[in-house]
Amino acid sequence: MFDLVIRNGTVVDGTGSPGFAADVAVQEGRVVAIGEVSESGKQEIDATGLTVAPGFVDVHTHFDAQVFWDQTLSPSPLHGVTTVISGNCGFTIAPLEPEHGDYMMQMLARVEGMPLTSLQEGVPWNWRTFEEYLQAIDGTLMPNAGFLVGHSALRRTVMGERSVGEFASEEELQKMKDLLAQSIDAGGLGFSSSWAKTHNDADGEAVPSRHASQDELIELCSVLKDSDAVALEFIPTIERFDEEVYQLLTDMSVAADKPLNWNVIFVNARQSEAIEEKLQASNFAAEQGGRV
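Cut-offs and rules
Residues numbered from 1 in each chain as written. Predicted model: local features only at pLDDT ≥ 70, side-chain atom pairs only at ≥ 80, totals over all residues. Heavy atoms only, no water. Helix = DSSP H or I, 4+ residues; strand = E, 2+ residues; numbered from the N terminus. Buried < 20%, exposed > 50% of the residue type's maximum accessible area, 1.4 Å probe, protein only. Contact = heavy atoms within 4.5 Å. Phe/Tyr/Trp six-rings, centres within 6.5 Å; stacked < 30°, edge-to-face > 60°. Lys NZ or Arg CZ within 6 Å of the ring centre and 35° of its normal. Disulfide = S-S within 2.5 Å. Axes fitted to C-alpha atoms, helices over the stretch in contact; angles between N-to-C directions. Left-handed = near helix turned anticlockwise from the far one by under 90°. Nonpolar A, V, L, I, M, F, W, Y, C, P; charged D, E, K, R; others polar. Salt bridge = Lys/Arg side-chain N within 4 Å of Asp/Glu carboxyl O.

Take the overall build of the protein chain next. Helix and strand counts for the protein chain come out as eight helices and twelve strands. The principal-axis extent of the C-alpha atoms belonging to the protein chain is close to 65 × 45 × 40 Å. With 292 residues in all, the protein chain has 47% of them scored as buried. Restricting the contact set of the protein chain to residue pairs at least 6 apart, pairs at least 24 apart contribute 71%.

Next comes the structure, spelled out in structure tokens:
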């Protein structure tokens, strides 16, 4: 007898194949049979007229702080999301030096609309390394969760107030690379950054990552090569892409030898030309060995 059998649903399995009628059997938390299941289950669900699908992976979330006051990561599970990737756009809260906690809180409140009171009262802010941050939430969350390492956090940790308004020195860039490597070794899934003009801190200044040069971005991406990291995420601009943007996205992916997920695309009929233009970034990168 199975733990659970879901019967008569339309299975959409995520492979790209058309949906098909089938039963799904689950044993000890794992799918063990898909098709006509004759054996009964301790629990049975009639899914007639419903779709049965694997949990969705949401690759762009900002749950980095919410993990401390809402372990369900609501509302994602209500939408069928079972895995979230957080730490996007360079906005992570680790690594962290104690004196920068207030800046990071204010920045998150401005950029992501997070309630400042929640950030002040719901987050302990008692870690320094990425490893310590992950240890603080290990085993506490309902969905599966993975975290990218944010560029603005790296810059603020290494450069302090100079992270806003100045390029990094060679020494500072090396420290950021070392810190990123340590964070990846600790379990970070990759690297994220942003040049979006809409991303400003509480003082109205561009967030730290927006003050980085192209060389800094590419150098940081190179840290991921031959590492256990799996991805990059970057917002080059929310406006039109040109060949310079294509080349930067490509160079970042090639340097890391990892796929790069860029944001953001607003899909509507009025912007069909701009959409096609942005999607060409994938073809441009593929011709040079990148994955964008």
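Right, let's get into the packing of aromatic side chains. Counted by the stated rule, this structure contains ten aromatic pairs. Between the aromatic rings of Phe68 and Trp127, the centroid separation amounts to 5.3 Å while the plane-to-plane angle is 5°, which identifies the pairing as stacked. Of this pair, Phe68 sits in the loop between strand E6 (56-58) and strand E7 (81-86) while Trp127 sits in the loop between helix H2 (116-122) and helix H3 (130-137); the two residues are 59 residues apart in sequence, bridging distant segments of the chain. Since its relative accessible area comes to 2%, Trp127 is described here as buried. Aromatic side chains Phe241 and Tyr246 sit 6.4 Å apart centroid to centroid with 75° between the ring planes, which places their arrangement in the edge-to-face category. Accessibility expressed as a relative area gives 3% for Phe241, which makes it buried. Put simply, the rings of Phe68, Trp125, Trp127, Phe130, Tyr133 and Phe147 touch in pairs and so form one group of aromatic residues. The lysine or arginine in question, Arg156, covers the ring of Tyr103, its NZ or CZ lying 3.7 Å from the ring centre.

To continue, consider the state of the cysteines. For the structure shown, the criterion picks out zero disulfides. Of all cysteine sulfurs in the structure, the one in Cys221 sits closest to Cys89, which takes part in no disulfide; the separation is 14 Å. Judged by its relative accessible area of 2%, Cys89 is buried.

Contact geometry of helix H5 (residues 170-185) with helix H6 (residues 214-222) gives a least axis separation of 9 Å together with a crossing angle of 35°. Note that H5 runs across H6; the crossing there is right-handed. Counting all contacts with H5, which are made through Leu173, Met176, Lys177 and Leu180, the residues of H6 involved are Glu216, Glu219, Leu220 and Ser222. Of the residues assigned to the contact of H5 with H6, the class counts are four nonpolar, one polar and three charged.

To continue, consider the pattern of salt bridges. In the structure shown here, the tally under the stated rule is twelve salt bridges. Salt-bridge contacts for Arg155 lead to Glu216; the nearest nitrogen and oxygen are separated by 2.9 Å. Remark: Glu216 occurs in helix H6 and Arg155 occurs in helix H4 (residues 151-159); sequence separation between them is 61 residues. Each member of the pair, Arg155 as well as Glu216, is classed as buried. Glu219 serves as the salt-bridge partner of Lys177, at 2.6 Å between the closest nitrogen and oxygen. With a gap of 42 residues between them, Lys177 in helix H5 and Glu219 in helix H6 connect regions that are remote in the sequence.

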